Structures are given as structure tokens and as C-alpha cells.
Amino acid sequence: MTLTSVPHGRTARRLEWPFLPPHVRDLVEQHCGSPVVGTRSMNSGFTPGFASVLTCADGSQHFVKAASVVAQRVFADAYREEGRRLAALPASVPAPRLLWSHDEDWVVLGIEHVEHTTPPRPWRGADLERVVAALEAAATALTPPPAGPALVPLAEEVADWPSYWDLVRLQELGRGLDVPGLTEHLHEAAELAALAPVVAAGDTLVHMDVRDDNVLLAADGRVLLCDWNWPVRGAAWFDTVALMIGPHGDGIDVDAVLARSPLTRDVPADHIDAVLALHAGYFLLMQAQRVPPTSPFLRTAQRWNAEATWDLLAQRRGWP
């Protein structure tokens, strides 16, 4: 398998500190308690919103996100949702804490700054085991979900995803990708995907976007999950299965990991395959869409995920 190349850690095209409106910079400095003298933009991810570590004159460091409600409405909405969710997370959840927020013409979040790295790519087995353990801790703390904003059931959130396979077939969206056997097994994959909304139901707050650039390997040894923009109510094991796509594409035996994790070891194989088929259809459809000017590597990353997900699913199903 030769996957599409993705510039991991260099995928975002973000707004920089000097280009924030003066009143937003003033607001941030008021919350920080000191003038900003240095900035470091987070270049991972696929959104153009401001996301930087700020260094202040007093030596303190702060992580701040910001997006314009007018010019970046979709991303402002996502940051607003992230702030609401972070505020409701129990302290036992491995996540950075929300320190303050502002919501007027700009949505601005002040989030706990954590000295960290993200899991280097290709994935290493030890890092994956640490992240899986963090997901186990999160699932324990988030079952049942904490009081706070209502959660959409996972089945409702992904209700349309199984139908994406119809578009994949009609538009031949796998053409040119490294997805051997797609045509021969497309119908079986679509049938599996149709099971996912049912088998992945549950009573856990599911992150829905756990991948390497949304994981912080903190200098103090903690593993934290960030970017809580899209949570739903579903199965405690869903995030762990979705996480396996990247490590599998990087050459790790993820079936062995799934067999060890308390979250997944007793989940029927067909249920895991259904979730993989659901993601495969999603990525195959998304990678073929127009490249958004604010995220030039989004479709490339989705193409990589389409290839890796299909390869994992085909390997598990014994499809040649």
C-alpha cells in the first residue's frame, strides 16, 4: 500500500496575531494580564481560525483561539461549541481546561496552555498505547455524559453517512486511489456501513475527532484530548476504533491494540468493521470534493484516510 503523502503538522493556514483586530488583541491581553510579546501559531489541523500560543511580557504563556462571527462563521460556531463543551467536561477527563471565553463579534477562547508534543508520524506503538489509555479514562469519566448542553445521538449525527456509498459507486470516487478491491466489495462495505448507526449507539460522550493532531503528549506525562467541537452521544468504543485508521496507515498492527483495550476487546468484529466502513465511505466522498482555499491540504488528508481505512477494513474482512 502506497498512501497519499500528507505534510503532517503543516496542514493549517491560520490567521496570525498581527492580523487580529486591535480590540480583540486588547481583549486577549486583558485576560492574559500582560502584553503579548511573542506568538507561535499551531500549524496542524485544517481550519483557518486563530490558534496560537502567546508569550507575554511577564513570561507567562497562554493558548488562545479566535474566529470572526462574520468572516469565519462556521469556525466561530465550532469554537463556540468547543467552549461550551470544555466548560462542561468533568475534571477527570484528560483535556485542557477552558479558562475564559468571549462571544460577541468574535468568539475567543482562553484555554489552558500545556507544554506538549503531538504524536510523531509515523505513529509509534508506545504513543498509541498511551492515547488508547487516555480514551479509556475519558470514556469512564464521560459515561453517562455530564450535565450540560444536549448531545445529538451518534446515530442521528451519522444518519446520512451510509448513503455516501451510493455516491461513491455512482461517481466512481475510488478511481485513482490505492483502494484495491473497492469495486468488488463496495456493496458489502455499504451494507456494513448501514449497521454502524445502530451498533455504535450508546450512552457515552464521544469526541468524534480523535487523531494525532488532536492529541497532546504533555511534558508532565499526561495525554490530553483537544478540539472538542463535535461531540455526540454514542458507544464508548467508537473513538478508539476511529483512532486506529492513522496508526494502521503508518504500519502498526492495530488489531492487536483493539484486542487488548478494555473498550474494544469484547466488541463484535462486525461492529468494528461497520464503523470502519462508515468512515471509509465518508472519506471517499469527502476527498473528491472541491479543495477549500482556507485548507489546502484537507482533501489530501481525507484521501490518505480513505486509502488507510479501506486497507484496514479489507484486511480485517479478508478481501483481496
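This text goes with the structure placed above it.
Let me sum up the structure you'll find in this document. Everything quoted here is computed from the prediction, not taken from an experiment.

Right, let's get into the overall build of the protein. Per the secondary structure count, the protein includes eleven helices and ten strands. Whereas a compact globule of 320 residues would reach a radius of gyration of roughly 20 Å, the protein reaches 20 Å, a difference of no more than 12%. Overall, the protein is about 60 × 40 × 35 Å in size when its C-alpha atoms are taken along their principal axes. Across the 320 residues in the protein, those meeting the buried criterion constitute 55%. Expressed as a percentage of contacts within the protein between residues at least 6 apart in sequence, the contacts between residues at least 24 apart total 73%. Only carbon and sulfur atoms are counted for the fraction: they give 53% of the accessible area of the protein, which is about 13,800 Å². With 26 positive and 39 negative side-chain charges, the protein shows a separation of 3 Å between the mean positions of the two kinds.

Right, let's talk about the pattern of salt bridges for a bit. The final tally for this structure, using the stated rule, is 21 salt bridges. In this structure, Asp250 engages Arg121 in a salt bridge whose closest nitrogen and oxygen atoms are separated by 2.6 Å. Here Asp250 is found in the loop between α8 (245-249) and α9 (254-260), whereas its partner Arg121 is found in the loop between β6 (116-117) and α3 (125-141), with 129 residues between them in sequence. By relative accessible area, which is 22% here, Asp250 ends up partly exposed. Residues participating in the shared-partner salt-bridge network are Asp255, Asp270, Asp273, Arg316 and Arg317.

Mapped onto the fold, Ser68 is located in strand β3 (residues 61-68). Polar contacts involving the side chain of Ser68 include one to the main-chain amide nitrogen of Val70, which spans 3.2 Å. Those residues in contact with Ser68 that lie beyond four places of it in its chain are Arg73, Ala76, Asp105 and Trp106.

The subject of this paragraph is the nonpolar core. Core analysis: the largest hydrophobic core is formed by 90 residues, its most contacted members being Trp165, Trp228, Leu243, Met244 and Trp310. If you tally residues by element for this core, the top one is helix α10 (residues 269-286), at eleven residues. Each residue touching Trp228, except ones within four places of it in the same chain, is listed here: Glu81, Glu82, Arg85, Leu86, Leu89, Val93, Ala95, Leu142, Leu205 and His207. If you look at the next biggest cluster of nonpolar residues, it comprises 15 residues, including Val28, Cys32, Val64 and Ala66.

Attention now moves to the sheet that holds strand β4 (residues 98-103). Spatial ordering of the open sheet is given by β1-β2-β3-β5-β4, a layout of five strands whose pairing is antiparallel. Looking at which strands have only one partner, the edges of the open sheet turn out to be β1 (36-41) and β4. When strand polarity is set aside, the average angle formed by the axes of neighbouring strands in this sheet is 25°. Running at roughly 25° to strand β5 (residues 106-111), helix α1 (residues 22-32) makes contact with β1, β2 (50-56), β3, β4 and β5 of the sheet.

Taking strand neighbours across the sheet as the criterion, the three strands line up as β6-β8-β9 in an open arrangement whose pairing is antiparallel. The two strands at the open ends of the sheet, each matched to only one other strand, are β6 and β9 (223-225). Strand direction decides the pairing type here: β6 and strand β8 (residues 215-218), joined by two bridges, are antiparallel. Note that in β8 the partner of His116 across the bridge is Ala218. Contacting β8 and β9, α3 runs over the sheet at an angle of about 60° to β9.

Within the secondary structure layout, Ala51 lies in strand β2. Given a relative accessible area of 2%, Ala51 falls into the buried group. Considering only alpha carbons, one finds Ala51 and Val198, 147 residues apart in sequence, at a separation of 36 Å. When sequence neighbours within four positions are dropped, the list of residues in contact with Ala51 reads Arg14, Arg40, Ser41, Met42, Phe63, Val64, Lys65 and Tyr79.

What follows concerns the pairing of β5. By the criterion of burial, β5 is predominantly enclosed, with six of the six residues buried. As paired strands, β3 and β5 are joined by six bridges and run antiparallel to one another. Residue pairing for β5: Ala67 is matched across the bridge by Val107. In sequence, β4 turns back onto β5 through a hairpin of two residues.

Attention shifts here to the side chain of Asp239. Within the fold, Asp239 resides in helix α7 (residues 238-243). Buried and unpaired, Asp239 has no salt bridge, with Arg211 as the nearest side chain of opposite charge at 11 Å. If we ignore the near neighbours within four places in the chain, the residues touching Asp239 are Leu135, Val206, His207, Met208, Asp209 and Val210.

Scoring rules and cut-offs
- Residues numbered from 1 in each chain as written.
- Predicted model: local features only at pLDDT ≥ 70, side-chain atom pairs only at ≥ 80, totals over all residues.
- Heavy atoms only, no water.
- Helix = DSSP H or I, 4+ residues; strand = E, 2+ residues; numbered from the N terminus.
- Rg over C-alpha atoms; globule rule 2.2 N^0.38 Å.
- Buried < 20%, exposed > 50% of the residue type's maximum accessible area, 1.4 Å probe, protein only.
- Contact = heavy atoms within 4.5 Å.
- Areas by Shrake-Rupley, 256 points an atom, 1.4 Å probe, with all protein chains shown as cover.
- Lys, Arg positive; Asp, Glu negative; His and termini not counted.
- Charge placed at Lys NZ, Arg CZ, Asp CG, Glu CD.
- Salt bridge = Lys/Arg side-chain N within 4 Å of Asp/Glu carboxyl O.
- Polar contact = N/O pair within 3.5 Å; in protein donor to acceptor, adjacent residues only side chain to side chain.
- Core = buried A, V, L, I, M, F, W, Y, C linked by side-chain atoms within 4.5 Å.
- Pairing = 2+ DSSP bridges.
- Axes fitted to C-alpha atoms, helices over the stretch in contact; angles between N-to-C directions.

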